[in-house]
Structure formats: C-alpha cells, structure tokens
Amino acid sequence: MKDMLVYLEAHLHPRDEAVRLALTKTTGQGREAAALGWQLTRLKNGDELTWHNGGTFGFSSFCGFVRNRDFGVVVLSNSGESVDGLAAKVLRK
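These remarks concern the structure in this document.

To continue, consider the environment of Q39. Note that Q39 resides in strand β3 (residues 39-42). Between the C-alpha atom of Q39 and that of L91, which follows or precedes it by 52 residues, the distance is 15 Å. The residues touching Q39, leaving out its near neighbours within four places in the chain, are A33, A34, L49, T50 and W51.

So, in structure tokens, the structure goes:
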C-alpha cells in the first residue's frame, strides 16, 4: 500500500515529464477517454476522474484521483470481487 500511495502522489502532483506524458489524453471523447495506463472519466459535476482498476487470481484493485480536488484513493483487496463501488463511494465524499 505504501508504494501505491507514493505512485498515486506522483500522478496527483506530477513533477516529471514522464508522469505528465502518462496523464496526457491519447484517445476518446465525451465523458470517457484514455491516457497511457489511465482511464479518464468526466464526472457529472465536471471533475475529471483519472483511474485504473484490475483483478488477477482472486485479488482486485482500484487507484484513482481527482486532481482539481487534490484527492485520491487506492483500494486493494484479497478478493476477486470488484472494489470499484467502494472506491467510488470514497471519491464522492
């Protein structure tokens, strides 16, 4: 978790060109788009949620942030159940 929070912080406050490039929109339009390794979703309130999720062999994860709110979340689980709903509840606060 500590490493994931460092990773999240580096993307929430990008200081280096490689991280800024990873956050640059590469495809999509409207509410849904993609960057290098990230999904970009325009929320109903106009904020942009930058996120990525996944699951492998009975584990699931979500990492996301809203840069203009200076807020992000990392959820890791040792269950194959999606943690996206839990992350969304935290991000709405």
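From this point, the discussion proceeds with the structure in view.
What follows covers the side chain of T41. Its place among the elements puts T41 in strand β3. Dropping the residues within four chain positions of it, T41 is found in contact with R31, E32, D47, E48, L49 and W51.

The next subject is the packing of aromatic side chains. Inspection of every chain in the model, using the stated rule, returns three aromatic pairs. On the numbers, 6.0 Å between centres and 20° between planes, the contact of Y7 with W38 is stacked. Highlighted residues: Y7 in helix α1 (residues 2-12) and W38 in the loop between β2 (32-34) and β3, separated in sequence by 31 residues. Take Y7: its relative accessible area is 39%, and that puts it in the partly exposed class. For W38, a relative accessible area of 3% gives the class buried. When the ring of W38 is compared with that of F65, the centres are 5.4 Å apart and the planes differ by 80°; the resulting orientation is edge-to-face. Placement of W38 in the loop between β2 and β3 and of F65 in strand β5 (residues 59-66) is noted, with a sequence separation of 27 residues between them. Each member of the pair W38 and F65 is classed as buried. In this structure an aromatic cluster arises from ring pairing among Y7, W38 and F65.

Parameters at a glance
- Residues numbered from 1 in each chain as written.
- Predicted model: local features only at pLDDT ≥ 70, side-chain atom pairs only at ≥ 80, totals over all residues.
- Heavy atoms only, no water.
- Helix = DSSP H or I, 4+ residues; strand = E, 2+ residues; numbered from the N terminus.
- Contact = heavy atoms within 4.5 Å.
- Phe/Tyr/Trp six-rings, centres within 6.5 Å; stacked < 30°, edge-to-face > 60°.
- Buried < 20%, exposed > 50% of the residue type's maximum accessible area, 1.4 Å probe, protein only.

Shape is all these values report; function is a separate question.
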